[in-house]
Amino acid sequence: MMVESRENNGPYNIWAEAEISVEFFDCDPMQVVWHGNYFNYFEIGRRALLEKIDYGYMDMKESGYAFPIIEVSAKYPGSLKFRDRAQVKAVLLEYENRLRIQYEIRNAETGVLTTKGISTQMAYDIKARDSCFVSPQILIDKVEALIGKQP
């Protein structure tokens, strides 16, 4: 049983959580979540975090940017099974030059850590059709406004 501290909220203390329920189609024949589906769960946490920042996917598109994933990794110290409920936590690690987000997935009932990972996204200017090596000012402003609201 692996239960770790839940206090890691990143350098900016900006994080979000979402709860999921493991569906049958997420599982392998042994009714254990197939390893690749945890990336879908990361996405659920990432969306919650971006919405908290007030810069979700539609906001990105409207501002002229996309943020494709350029790197993702995961470790699986545990597993989820069919019908388990899980908490997906997404924590902002970096935002000025790229978006780096850390994830923790825990069994919602036991608190056991089942998966952890990190994703990296890079801004892409849709109109110019070019990668950006600095995040757009709109993202920086939204994150810094959220940081400023914290005690």
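On a predicted model such as this, the values are computed, not experimentally measured, just so you know.

1. A short note on the overall build of the chain
The helix and strand tally for the chain stands at three helices and eight strands. Taking 15 Å as the expected radius of gyration for a compact globule of 151 residues, we find that the chain reaches 16 Å, a close match to that expectation. When the backbone C-alpha atoms are referred to their principal axes, the chain occupies close to 45 × 35 × 20 Å. Out of the 151 residues belonging to the chain, those deemed buried represent 41%. When the accessible surface of the chain is summed, it comes to about 8500 Å², and 52% of that surface belongs to carbon and sulfur atoms. Side chains of the chain carry 18 positive and 22 negative charges; the gap between the two charge centres is 1 Å.

2. Quick look at the pairing of strand β6 (residues 113-121)
Among the nine residues that make up β6, seven are buried, leaving the element largely enclosed by the rest of the structure. In terms of strand pairing, strand β3 (residues 69-75) meets β6 through six bridges, oriented antiparallel. Counted as the bridge partner of Ile-69 is Gln-121 from β6. Sheet topology places strand β5 (residues 99-107) next to β6; eight bridges connect them, and they run antiparallel. Paired with Leu-99 across the two strands is Gln-121, which belongs to β6. Remark: five residues form the turn of the hairpin made by β5 and β6, two consecutive strands paired antiparallel; Gly-111 in that turn has positive phi of roughly 80°.

3. Focus: the nonpolar core
Among the nonpolar cores identified, the biggest contains 32 residues, and Tyr-41 and Ile-53 are the most heavily contacted of them. When residues of this core are traced back to their parent elements, those giving at least two are β1 (15-21), α1 (37-53), β4 (85-94), β5 and α3 (137-148). It is α1 that contributes the most residues to this core, six residues altogether. Apart from the residues within four sequence positions on either side, Tyr-41 is in contact with Ile-20, Val-22, Asp-26, Val-33, Leu-80, Val-88 and Ile-105.

4. Details of the sheet that holds β6
Ordered by their spatial adjacency, five strands build an open sheet running β1-β4-β5-β6-β3, and the pairing between neighbours is antiparallel. Taken across any chain shown, the strands that pair with only one partner, and hence form the sheet edges, are β1 and β3. Adjacent strand axes in the sheet meet at a mean angle of 20°, parallel and antiparallel pairs treated alike.

5. Considerations on the confidence of the model for the chain
Here the chain shows a mean pLDDT of 94. Residues at 70 or above account for 95%. Taken together, the stretch residues 1-5 has pLDDT below 50 and engages in twelve contacts with residues farther than four places along the chain or on a different chain.

What counts and what doesn't
- Residues numbered from 1 in each chain as written.
- Predicted model: local features only at pLDDT ≥ 70, side-chain atom pairs only at ≥ 80, totals over all residues.
- Heavy atoms only, no water.
- Helix = DSSP H or I, 4+ residues; strand = E, 2+ residues; numbered from the N terminus.
- Rg over C-alpha atoms; globule rule 2.2 N^0.38 Å.
- Buried < 20%, exposed > 50% of the residue type's maximum accessible area, 1.4 Å probe, protein only.
- Areas by Shrake-Rupley, 256 points an atom, 1.4 Å probe, with all protein chains shown as cover.
- Lys, Arg positive; Asp, Glu negative; His and termini not counted.
- Charge placed at Lys NZ, Arg CZ, Asp CG, Glu CD.
- Pairing = 2+ DSSP bridges.
- Core = buried A, V, L, I, M, F, W, Y, C linked by side-chain atoms within 4.5 Å.
- Contact = heavy atoms within 4.5 Å.
- Axes fitted to C-alpha atoms, helices over the stretch in contact; angles between N-to-C directions.
- pLDDT = per-residue confidence, 0-100.

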